[in-house]
Amino acid sequence: MATSLIPVSSSFLQPLKLKTLAKPRNPDLSTTTRKIITTCDSQKNTGKSNPSSRNPNFQKRRNSSKYGSSRRSILKKSFLQEQVTFTARVSEDPHVGIIGGGMAGLVCAQNLEARGVQSTVFDTGIHGLGGRLGTRIIEPQGLIFDHAAQFFTANDSRFIRYVDEWLEKGLVREWNGVIGELEIGGSFSQFHPSSPPRYIAVNGMRSLADSLLLESQMVNLVRPCWISKLEPLNGMWHLSENGTPRGQFDVIVIAHNGKCANRLLSASGLPLVAKQMKKLDLSSIWALLAAFDDPLPTVNFEGAFVKGVGSLSWMGNNSAKLGNDKAPHCWTFFSTASYGKQNKVPQENIPTVTSEKVRAGMLQGVEIALGLPEGSLPKPVYTRLQLWGAALPKNTPAVPCIFDPQGRAGICGDWLLGSNLESAALSGEALGNHIADFLQKGEANPEEFAIGLHDRLSPLAGHDIGQFPGLTSVGEKEEAKAYQLL
């Protein structure tokens with residue numbers, strides 16, 4: 001079923017136009033050639049694996065948070081803050097700051113460039129871009145795990161155009177391996193041959209994100225970088241990371257979500273934007289990466305949505321998916337959202353007792369799903385556990401993007417339309433074109449460019465690991481056909 005979008009601006013469905021870029025205003029962050037800052041001042045790697053090295057705000061928040069001691073206090077401040085209203089004219093050479101380098105943020109930057117607008121993308125990724133396009137590579141063993149998005153489908157004609165381009169460039173390919181649904185006891189139903197094509201990135205999902213802007217000349221990438229403050233000053237947005245300036249921008253885009261986005265917006269002067277972000281409800285899901293020397297017994301598939309097992313919702317063979325049938329065999333297991341909620345802890349500092357409990361519970365779930373005797377699952381030679389505390393959206397306003405023209409700020413992300421990569425890309429495209437239109441003709445009547453600031457959110461259906469329109473098992477297809485004949 002095709003996604004239904006409301007019109008955003010006159011150029012949303014029109015061919016993109018290029019214009020000549022004027023000389024950048026800020027040589028420190030904006031150049032006509034793309035650069036990647038691999039280490040920000042506060043992100044220098046000490047070689048230690050701890051929460052504060054991954055997120056410099058972590059220890060500071062625990063000890064003396066400026067936002068208060070609870071999520072409730074953060075949200076209270078969000079709604080009491082005064083609305084920022086910019087009256088100064090937009091720069092002749094506008095520059096957009098995009099916070100978040102997942103699919104939505106990257107596609108937003110692409111579409112801004114296609115319309116002649118420069119941008120800077122800030123991302124927290126240490127190893128690469130991508131958000132949910134995450135791939136974990138373990139050296140020196142050479143283990144590869146897609147530990148977030150496993151694959152994607154294409155349903156909307158606009159997104160299909162992106163996928164066709166990625167196919168032509170060799171960035172993605174169809175995943176023709178056997179996938180379907182797995183019931184307790186090992187009963188497997190393959191997806192019907194008429195199901196829509198499934199796509200994967202050729203070298204792990206993160207490779208797609210890292211490749212999207214390789215040909216860009218007007219997009220600057222800064223990572224790893226945790227933008228911790230948004231400050232409106234003299235008609236511009238000033239972004240900083242723990243007191244270190246990261247540039248000034250005419251328009252800002254929030255292309256991530258969860259508690260970090262809520263904290264960022266809590267004192268930004270954008271109460272309407274903050275309120276919409278606060279309405280978002282996100283699931284929590286555990287990801288267990290496990291490598292085995294031998295193939296898992298009774299398995300005749302590369303990926304399966306697991307049904308009826310409380311601790312398990314998905315199991316996927318990364319090695320087979322990526323064309324490597326040699327040992328070790330790398331599997332990604334995802335918990336159900338309910339199991340994630342029952343065992344949720346601060347993801348920055350997971351207690352050992354919790355990780356051991358979850359690891360054992362998920363491996364036991366694999367045994368139950370495959371119908372193996374208790375304790376007979378081969379012992380993995382490698383495991384790694386990760387909690388996605390803000391995994392996937394559970395509700396949506398069903399609008400392509402959010403934009404506050406008074407505060408010159410917007411939001412893009414999959415949650416605005418659904419729960420998949422297609423929704424993320426379409427949202428990023430919508431906001432990129434909407435901002436470009438606003439910069440060209442929005443000064444006279446900026447209120448006409450407001451979108452999504454008051455829409456109510458509705459529950460979102462789908463698998464625990466996202467939406468895949470059109471995927472149905474052979475059994476479901478036959479049931480539907482029989483029902484139609486009644």
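Quick caveat: nothing in here was measured; it's all calculated off a predicted structure.

Caption draft 1: Seen up close, the confidence of the model for the protein. Residues with a pLDDT of 70 or more make up 81% of the protein, whose mean pLDDT is 84. This model gives residues 1-77 a pLDDT under 50, and the stretch forms 153 contacts once residues within four places in sequence are excluded.

Caption draft 2: Representation of helix α5 (residues 157-169) within the structure. Here α5 is 13 residues long and its end C-alpha atoms lie 19 Å apart, about the 18 Å a rise of 1.5 Å per residue gives. Three or more residues of α5 are buried, namely R158, F159, Y162, V163 and W166. Along the axis of α5, the buried residues cluster in a sector spanning 145°; they form a single face. With respect to the buried face of α5, the exposed residues turned more than 90 degrees away are R161 and E168.

Caption draft 3: Looking closely at the packing of α5 against helix α12 (residues 421-441). As a packed pair, α5 and α12 sit with axes 10 Å apart at the nearest point and diverge in direction by 100°. Judged on the interaxial angle alone, α12 and α5 are roughly perpendicular. Packed against α5, whose contacting residues are R158, F159 and Y162, the element α12 presents L421, E422, A425, L426 and E429 at the interface. Split by residue class, the contact of α5 with α12 holds 5 nonpolar, no polar and 3 charged.

Caption draft 4: Quick look at the packing of helix α4 (residues 103-114) against α12. As a packed pair, α4 and α12 sit with axes 7 Å apart at the nearest point and diverge in direction by 35°. Both α4 and α12 take part in a crossing whose hand is right-handed. Facing M103, A104, V107, C108, N111 and L112 of α4, the residues of α12 in contact are L421, A424, A425, G428, E429, L431, G432, N433, I435 and A436. Grouping the amino acids of the contact of α4 with α12 by side-chain chemistry returns 11 nonpolar, 4 polar and 1 charged.

Caption draft 5: Quick look at unusual backbone geometry. For the bond from E139 to P140, the omega torsion is 5°, close enough to zero to count as cis. Within the secondary structure, P140 sits in the loop between β4 (135-138) and β5 (143-146). Here the amide bond leading from A327 into P328 is cis, since omega sits at -5°, within 30 degrees of zero. You can see P328 is positioned in the loop between α9 (318-321) and β18 (329-334). The residue N242 is not glycine, and still its phi comes out positive at about 55°. Here N242 is to be found in the loop between β12 (236-241) and β13 (244-249). Given the relative accessible area of 28%, N242 is considered partly exposed.

Caption draft 6: Structural context of the nonpolar core. Core analysis: the biggest nonpolar cluster contains 65 residues, and M103, F152, W166 and L208 have the highest contact counts within it. Counting residues per element, this core draws most heavily on α12, at 9 residues. Each of domain 1 (81-129 + 213-281 + 395-455) and domain 2 (139-154 + 174-205 + 283-393) contributes no fewer than three residues to this core. Other than its neighbours up to four places away in sequence, M103 contacts G130, L133, W166, L208, L212, L421, A424 and A425. Residues I227, I254, L280 and L282 belong to the second largest nonpolar core, which totals 30 residues.

Rules and cut-offs
- Residues numbered from 1 in each chain as written.
- Predicted model: local features only at pLDDT ≥ 70, side-chain atom pairs only at ≥ 80, totals over all residues.
- Heavy atoms only, no water.
- pLDDT = per-residue confidence, 0-100.
- Contact = heavy atoms within 4.5 Å.
- Helix = DSSP H or I, 4+ residues; strand = E, 2+ residues; numbered from the N terminus.
- Expected span 1.5 Å × (residues − 1).
- Buried < 20%, exposed > 50% of the residue type's maximum accessible area, 1.4 Å probe, protein only.
- Arc of directions from axis to C-beta.
- Axes fitted to C-alpha atoms, helices over the stretch in contact; angles between N-to-C directions.
- Parallel < 35°, antiparallel > 145°, perpendicular 65-115°, else oblique.
- Nonpolar A, V, L, I, M, F, W, Y, C, P; charged D, E, K, R; others polar.
- Left-handed = near helix turned anticlockwise from the far one by under 90°.
- Core = buried A, V, L, I, M, F, W, Y, C linked by side-chain atoms within 4.5 Å.
- Domains from an automatic or database assignment.

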